[in-house]
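# Secondary and tertiary structure notes
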Amino acid sequence: LCALLGVALPTVLGMLRPPKARLRHYPLLGLLFVRVVVAIMRSHLAVARIILRRDSRMQSGFVAIPLTLTDHYGLAVLACIITSTPGTIWVSYDSGANILLIHVLDLVDEADWIDTIKQRYERPLLEIFQ
């Protein structure tokens, strides 16, 4: 039984291993990293300002973003970017419709958020991972 498991388990677990990510544009990856760090620093300041002023006019909400990105690694990186940025969180992803749902702490303009996510993050991730 042990010999059978010793041969069968590595074979079965080897099939679960995901394919390696194919990175295509390394300089753009560095630029994206800088963009994310700057966005995180700006968001920290914005969230601190919201908390300190205790503004009751602040409106939080959900934004549905139609994505072009389908690469699993690209989506994972996008999830990390959105969730690590204060004031935003990745809520759900509908793989059938390819729609991302995020929650924004201070939602002023939904169209602006859609454009920001698509242009600032999705477009470079498409070039890096596709």
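Throughout what follows, the structure given in this document is the object of discussion. What you see is a predicted model, and the numbers here were worked out from it, not measured in a lab.

Time to look at the overall build of the protein. In terms of helices and strands, the protein carries four helices and three strands. For the protein, the N- to C-terminal ordering of α and β elements is α-α-β-α-β-β-α. Taken over the C-alpha trace, the protein has a radius of gyration of 19 Å; the compact-globule value for 130 residues is 14 Å, which it surpasses by more than 25%. Principal-axis analysis of the C-alpha atoms places the extent of the protein at approximately 65 × 35 × 30 Å. A burial count over the protein gives 29% of its 130 residues as buried. Across the protein, contacts joining residues at least 24 apart in sequence account for 74% of those joining residues at least 6 apart. Here the protein displays about 8800 Å² of accessible surface, and carbon together with sulfur accounts for 65% of that area. Between the averaged position of the 13 positive side-chain charges in the protein and that of its 10 negative side-chain charges there is a distance of 9 Å.

Attention shifts here to the sheet that holds strand β2 (residues 88–94). As summarised here, the arrangement of the three strands in space is β1-β3-β2, forming an open sheet in which the pairing is antiparallel. Each edge of the open sheet carries a strand with a single partner, namely β1 (61–66) and β2. Adjacent strand axes in the sheet meet at a mean angle of 25 degrees when their direction is disregarded. For β2 and strand β3 (residues 99–104), the ladder comprises six bridges, and the chain directions are antiparallel. The residue of β3 that forms the bridge with Y93 is L100. Against the sheet, helix α3 (residues 72–84) makes contact with β2 and β3, and its axis sits at roughly 150 degrees relative to β2, the strand it touches most.

Turning our eyes to something else, we now look at unusual backbone geometry. Here the phi dihedral of N98 falls at roughly 55 degrees; this positive angle occurs in a residue that is not glycine. The topology assignment puts N98 in the loop between β2 and β3. The class for N98 is buried, based on a relative accessible area of 10%.

This part is about the pattern of salt bridges. Within the structure shown, the criterion is met by one salt bridge. Salt-bridge contacts for E122 lead to K118; the nearest nitrogen and oxygen are separated by 2.7 Å. Highlighted residues: E122 and K118, both in helix α4 (residues 110–129), separated by four residues, approximately one helical turn.

Ring pairs (aromatic) are described by centroid distance and by the angle formed between their planes. Evaluation of the coordinates by the stated rule reveals one aromatic pair. A ring pair is formed by W90 and Y93, whose centres lie 6.1 Å apart and whose planes are at 40 degrees; its orientation type is tilted.

Further remarks concern the packing of helix α2 (residues 26–53) against α4. Two numbers describe how α2 lies on α4: the axes approach to 10 Å, and their chain directions differ by 160 degrees. Considered as vectors, α2 and α4 are oriented roughly antiparallel to each other. The interaxial crossing formed by α2 with α4 has left-handed handedness. Counted together, L28, L29, L32, R35, V36 and A39 of α2 and Q119, R120, Y121, P124, L125, E127 and I128 of α4 form the full contact between these two elements. Taken together, the residues of the contact of α2 with α4 sort by class into nine nonpolar, one polar and three charged.

Moving on: the side chain of T85. If you trace the backbone, T85 turns up in the loop between α3 and β2. Relative accessible area serves as the criterion here: at 8%, T85 is assigned to the buried category.

Rules used throughout
Position numbers for residues count from 1 along each chain, tracking the sequence in the order it is written. Where local features are concerned, this predicted model is filtered to residues with pLDDT of at least 70; where side-chain atom pairs are given and counted, the filter is 80 or more; whole-chain, interface and lining totals use all residues. Working from all heavy atoms in the structure, the side-chain values ignore hydrogens and water. Where helices and strands are cited, they refer to DSSP runs of H or I of at least four residues and of E of at least two residues respectively, numbered from the N terminus. The globule rule is 2.2 Å times the number of residues to the power 0.38, and the radius of gyration it is compared with is taken over C-alpha atoms. The cut-offs for exposure are 20% and 50% of the maximum accessible area for each residue type, with area from a 1.4 Å probe on protein chains only; residues under the lower value are buried, those over the upper are exposed, and the others partly exposed. Residues count as neighbours in contact if any of their non-hydrogen atoms are within 4.5 Å of one another. Values of accessible area rely on a 1.4 Å probe in the Shrake-Rupley scheme; residue burial ignores everything except the protein chains shown. Charge assignment in this entry is limited to Lys and Arg as positive and Asp and Glu as negative, and neither His nor the chain termini are counted. For charged residues, the charge sits on one atom: NZ in Lys, CZ in Arg, CG in Asp, CD in Glu. What makes two strands pair is DSSP finding at least two bridges between them. Every angle, taken between N-to-C directions, lies between 0 and 180 degrees, and every axis is a line fitted to C-alpha atoms, over only the stretch in contact when it is a helix. What counts as a salt bridge is simple: a side-chain nitrogen of Lys or Arg found within 4 Å of a carboxyl oxygen of Asp or Glu. Aromatic rings from Phe, Tyr and Trp, with only the six-membered ring used for Trp, were paired whenever their centres fell within 6.5 Å, and each pair was classed as stacked if the ring planes differed by under 30 degrees, edge-to-face if by over 60, and tilted otherwise. Angles below 35 degrees are treated as roughly parallel, those above 145 as roughly antiparallel, those between 65 and 115 as roughly perpendicular, and all remaining angles as oblique. Helix crossings fall into two classes, left-handed where the near helix is turned counterclockwise from the far one by less than a right angle and right-handed where it is turned clockwise. Gly falls in the polar group here, along with every residue not listed as nonpolar (Ala, Val, Leu, Ile, Met, Phe, Trp, Tyr, Cys, Pro) or charged (Asp, Glu, Lys, Arg).

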